[in-house]
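Working through the structure, step by step
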2 protein chains.
Amino acid sequence: MKEFTEENLADAVIDRMSPQTDPRLHEVMTSLIRHLHSFVREVELNEQEWMQAIEFLTDTGQLCDDSRQEFILLSDTLGVSMLVDAINHRRLRGATENTVLGPFHINGAPVCELGTDISRNIEGGLPAFVSGRVLNEHGAPIAGALLDVWQVRPDRLYDVQDPESPEMQLRAKFRTDADGRYYFHTIVPVSYPIPDDGSVGRMLTALGREPWRPAHMHFIVSANDYSPVTTHLFVRGDPYLESDAVFGVKKSLIVDFKKTTAAEAPDGSSMETDFYSAEFDFVLVEAS
Amino acid sequence: MKEFTEENLADAVIDRMSPQTDPRLHEVMTSLIRHLHSFVREVELNEQEWMQAIEFLTDTGQLCDDSRQEFILLSDTLGVSMLVDAINHRRLRGATENTVLGPFHINGAPVCELGTDISRNIEGGLPAFVSGRVLNEHGAPIAGALLDVWQVRPDRLYDVQDPESPEMQLRAKFRTDADGRYYFHTIVPVSYPIPDDGSVGRMLTALGREPWRPAHMHFIVSANDYSPVTTHLFVRGDPYLESDAVFGVKKSLIVDFKKTTAAEAPDGSSMETDFYSAEFDFVLVEAS
């Protein structure tokens, strides 16, 4: 009978997998077990710390429900989500960069006419007009591309975080016109803290970290025969661009929201107050 | 502004910790983040696999309640519990070896007189008599040492897994006599599967692994001025000694349960049927 030691135990666990194990699962578990054991050996985890880890993971799981996913938050705040994103979206130069999906996307937002106000007269918030084009890698417009858009409310919550919220608040889909153009009215997004009243919040506090995400709008841009892009547009000048709690900011995704006093919006609609306009062209590459 | 890459993202997450972070927490998190990112990069985890991992961890957390701890089970089946045990109980030669505590210990078992039958006339099971001494590293008996004992029932469940069970079934504490001796009646322990109807069971199935633990009795042996030992005694001949689902077996902890036809047990009590007797001396080392 083989005796297990600190050094050979990881191998014993790996060897216990059946040779019939799915090869990819075998590969993933081998690396996972090796790194998990290396971590425990490297820090010589003590029994109290092990129990703290068990309790932390348990609390994290128990916080999850239909409207909250604390493990995604943990993955986000440890940079794992952005790492997975980076590995899976190595792009050709010139294509719009990806960033995290985040936990607040929902399916089924209505396809709206270009020019719709997705804020739907919400209280608070600075009026904004967002426009641009969807282009291919050669700069040619893509007509009929679909933009799935969502953003946080002025009270720093997404509609799904508020059981009282009307459905699909600050959510919509748009299709580009024949020139590849898209445009809509909304409000300037605000920075907000990720939910920090749970286990991830306790972790951030213990590490002296801030829960804030810089102001951004979410987009999933897709078109037939092209690879879709899941990304954000960030508001230039936001104080949290350098310290995004989920490491999601990329320079190329920061846009100006320019204060505009004109009485007429770029789409010809009349604006009663000052508003902020932002412009961004998304670039998709053909699906391989 | 610094752009994050697959290579520098782990460092960025580590650098985000405040310099005021507790030094031990800083050390543990640095190693954890580095290994977590290395794992994701090494296997190039795809987005579907990432989501499976999120769902697996969520399910594992949601299965936990007062009588079930699925994350401890996960730690046990990945060999992490035994590794933590090994690191934290590097012993002098001659001392009894540690093994995992397991998820089924509870505090408050009654201190019983030597010779008590801890099976308390439970249905099924082969009668057994377990005895031995608690010694120091020089072979001298330790009087008044405390043994906290617990074991599984003949139906392969611990009392705490059955809401109908009488309290403290197959649980007791004993104090050694002036000669360092302990002895009690019980039943021969049986092998049993760890709870395999949850996420850990699904993992074991996917890896072609068995959920079985070889038959064993649990002991925590302690005495004033000595380091306590948390360990098992395993039944020699059990078919799962080589494939314990939690990697807990050590050769030195395997004992013979000898079939005995005598009408008188070693403590002088009369036995109506054949019984099995096992003998083991625990060795404690002085606390440093």
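Here is what the cut-offs are and how they apply
- Residues numbered from 1 in each chain as written.
- Chains lettered and ligands numbered in written order.
- Predicted model: local features only at pLDDT ≥ 70, side-chain atom pairs only at ≥ 80, totals over all residues.
- Buried ≥ 20, exposed ≤ 12 C-beta atoms within 10 Å, placed from the backbone.
- Helix = DSSP H or I, 4+ residues; strand = E, 2+ residues; numbered from the N terminus.
- Pairing = 2+ DSSP bridges.
- Least-squares fit on C-alpha atoms with pLDDT ≥ 70 in both.
- Contact = placed C-beta atoms within 7 Å.
- Domains from an automatic or database assignment.
- Nonpolar A, V, L, I, M, F, W, Y, C, P; charged D, E, K, R; others polar.
- Core = buried A, V, L, I, M, F, W, Y, C linked by C-beta atoms within 7 Å.
- pLDDT = per-residue confidence, 0-100.
- Axes fitted to C-alpha atoms, helices over the stretch in contact; angles between N-to-C directions.
- Parallel < 35°, antiparallel > 145°, perpendicular 65-115°, else oblique.
- Left-handed = near helix turned anticlockwise from the far one by under 90°.

1. Here's the deal with the pairing of strand β7 (residues 216-222) of chain B
Residues and elements named next belong to chain B. The buried fraction of β7 amounts to five of the seven residues, a majority that puts the element mostly inside the structure. Relative to β7, strand β2 (residues 146-151) is paired through six bridges, and the arrangement is antiparallel. Opposite Leu146, over in β7, you have Ser222 as the bridge partner. Sheet analysis places β7 next to strand β8 (residues 229-235), joined by six bridges and oriented antiparallel. Paired with Met217 across the bridge in β8 is Leu233. Counting the residues in the hairpin turn of β7 and β8 gives six residues, including Asp225, whose phi is positive at 75°.

2. Some details on the relation of the copies chain B and chain A
One copy of the chain maps onto the other through a rotation about an axis followed by a shift along the same axis. It takes a turn of 180° to lay chain B on chain A, together with a shift of 0.0 Å along the axis; the resulting RMSD is 0.0 Å. Such a combination of rotation and displacement between the chain copies is what one expects of a two-fold axis. Within chain B, the C-alpha atom positioned nearest to the axis of rotation is that of Gly61 of chain B, 2.0 Å from it. In this assembly, 100% of the residues forming the interface of chain B have copies in chain A that are likewise at the interface, indicating an isologous arrangement.

3. Notes on the sheet that holds β2 of chain B
Working definition: the strands of a sheet are paired by backbone hydrogen bonds and lie parallel or antiparallel to each other. Strand order in the open sheet formed by five strands is β3-β2-β7-β8-β9 (chain B), and the pairing between neighbours is mixed. Since the sheet does not close on itself, it has two edges, and those belong to β3 (171-175) and β9 (254-255) of chain B, each with one partner.

4. So, the domain arrangement of chain A
One can read the domain layout of chain A as domain 1 (9-44) and domain 2 (75-284). On a C-alpha basis, the centres of domain 1 of chain A and domain 2 of chain A stand 39 Å from each other.

5. Quick word on unusual backbone geometry
Residues and elements named next belong to chain A. Positive phi outside glycine occurs at Arg156, with the angle close to 70°. Checked against the element boundaries, Arg156 lands in the loop between β2 (146-151) and β3 (171-175). For Arg156, a count of 14 C-beta atoms within 10 Å translates into the label partly exposed. Even without being a glycine, Asp225 presents a positive backbone phi close to 75°. Tracing the backbone shows Asp225 in the loop between β7 (216-222) and β8 (229-235). Assessed through the 9 C-beta atoms surrounding it within 10 Å, Asp225 is described here as exposed.

6. Concerning the sheet that holds strand β9 (residues 254-255) of chain A
Ordered by their spatial adjacency, five strands build an open sheet running β3-β2-β7-β8-β9 (chain A), and the pairing between neighbours is mixed. Edge strands, defined here as strands with exactly one partner in the open sheet, are β3 and β9 of chain A.

7. What to know about the environment of Ile187 of chain A
Residue and element names in this part refer to chain A. Residue position: Ile187 is located in strand β4 (residues 181-187). Looking at Ile187, the number of C-beta atoms within 10 Å reads 22, which means it is buried. It is 8.3 Å that separates the C-alpha atoms of Ile187 and Ile118, two residues lying 69 residues apart in sequence.

8. Notes on the interface of chain B and chain A
Taken residue by residue, the interface counts 63 residues in chain B and 63 residues in chain A. Those elements that place two or more of their residues in the side of chain B that touches chain A are α1 (9-15), α2 (23-43), α3 (47-62), α4 (70-77) and α5 (80-88) of chain B. Ranked by the residues each element gives to the side of chain B that touches chain A, the list is headed by α2 of chain B, at 16 residues. Along the lines of polarity and charge, the residues of the side of chain B that touches chain A split into 34 nonpolar, 16 polar and 13 charged.

9. Quick word on α5 of chain B
Counting buried positions along α5 of chain B yields seven of nine residues, so the element is predominantly enclosed. Residues Val80, Ser81, Met82, Leu83, Val84, Asp85 and Ala86 of chain B constitute the buried set of α5 of chain B. Tucked inside the fold, the buried residues of α5 of chain B contact α1 (9-15), α2 (23-43) and α3 (47-62) of chain A together with α4 of chain B.

10. A closer look at the environment of Thr261 of chain A
Here Thr261 of chain A is to be found in the loop between β10 (258-260) and β11 (275-279). A C-alpha to C-alpha distance of 8.9 Å links Thr261 of chain A and Met271 of chain A, two positions 10 residues apart in sequence.

11. Overview of the nonpolar core
Counting 68 residues, the largest nonpolar core has Met82 of chain A together with Met82 of chain B as the members making the most contacts within it. Ignoring sequence-local partners within four residues, the contact set of Met82 of chain A consists of Val100, Val246, Phe247 and Gly248 of chain A together with Phe4 and Leu9 of chain B.

12. So, helix α4 (residues 70-77) of chain A
The buried fraction of α4 of chain A is high, at eight of eight residues. Glu70, Phe71, Ile72, Leu73, Leu74, Ser75, Asp76 and Thr77 of chain A are the residues of α4 of chain A that are buried.

13. Description of the confidence of the model for chain A
Averaged over all residues, the pLDDT of chain A equals 94, while 99% of them reach at least 70. For this predicted complex, the interface score ipTM comes out at 0.90, while the overall pTM is 0.90.

14. What to know about the packing of helix α5 (residues 80-88) of chain A against α2 of chain B
Contact geometry for α5 of chain A and α2 of chain B: axes closest at 10 Å, N-to-C directions at 20°. In terms of orientation, α5 of chain A lies roughly parallel with respect to α2 of chain B. Between α5 of chain A and α2 of chain B lies a crossing of right-handed hand. Contact residues: Val80, Leu83, Val84 and Ile87 of chain A in α5 of chain A; Leu36, His37, Val40 and Arg41 of chain B in α2 of chain B. Considering only residue class, the contact of α5 of chain A with α2 of chain B consists of six nonpolar, one polar and one charged.

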